[in-house]
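If you want the building blocks of each chain, they are given just below.
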Amino acid sequence: NWSNMGQGAPETGTLPNAPQRHFNLDIPLDDVEYAPVAGDAELRGAVARYYNHLYRANKTSQYEADNVCIVPGGRAGLTRLMAILGRIQVAYF
């Protein structure tokens, strides 16, 4: 068995009843850099709070920023995940 994990998100064209898509976005030059390798602590904290609000509201155990991993893309995320699993071979085409 195999899986192609290098495709990214396919273009689907216009979706029925979907909101209008915005194709122009002005991004300041300082904001086009990669995020820190460990992820932005403020963003990781916000994601942890969001998940606590949605899924862990009545639980004593709560997520913290240290429980969240933000990656710059799918391949980087898959690579981190596979590193946790142990010895593994993977190739991207």
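Owing to the predicted nature of the structure, the values given are computational and were not obtained by experimental measurement.

Draft legend 1. Main features of the overall build of the protein chain. Within the protein chain, the secondary structure is distributed over two helices and zero strands. Looking at the protein chain as a whole, 9% of its 93 residues are labelled buried. Counted over contacts in the protein chain with a minimum sequence separation of 6, partners at least 24 positions apart contribute 24%. In the structure as shown, the protein chain presents an accessible area of about 8,900 Å², 55% of it carried by carbon and sulfur atoms.

Draft legend 2. Fine view of the side chain of Asn 52. For Asn 52, the position within the fold is in helix 1 (residues 41-55). Reaching out from Asn 52, the side chain makes a polar contact with the side chain of Gln 62 at a distance of 3.5 Å. With sequence-adjacent residues up to four places away left out, Asn 52 is seen in contact with Ala 57, Gln 62 and Tyr 63.

Draft legend 3. Representation of the packing of aromatic side chains. Inspection of every chain in the model, using the stated rule, returns two aromatic pairs. Ring centres 6.0 Å apart and planes at 75 degrees place the aromatic pair Tyr 50 and Tyr 51 in the edge-to-face group. When its relative accessible area of 48% is taken as the criterion, Tyr 50 is described as partly exposed. Looking at Tyr 51, the relative accessible area reads 39%, which means it is partly exposed. Taken together, the ring pairs in this structure connect Tyr 50, Tyr 51 and Tyr 55 into an aromatic cluster.

Cut-off values and rules
Residues numbered from 1 in each chain as written. Predicted model: local features only at pLDDT ≥ 70, side-chain atom pairs only at ≥ 80, totals over all residues. Heavy atoms only, no water. Helix = DSSP H or I, 4+ residues; strand = E, 2+ residues; numbered from the N terminus. Buried < 20%, exposed > 50% of the residue type's maximum accessible area, 1.4 Å probe, protein only. Contact = heavy atoms within 4.5 Å. Areas by Shrake-Rupley, 256 points an atom, 1.4 Å probe, with all protein chains shown as cover. Polar contact = N/O pair within 3.5 Å; in protein donor to acceptor, adjacent residues only side chain to side chain. Phe/Tyr/Trp six-rings, centres within 6.5 Å; stacked < 30°, edge-to-face > 60°.

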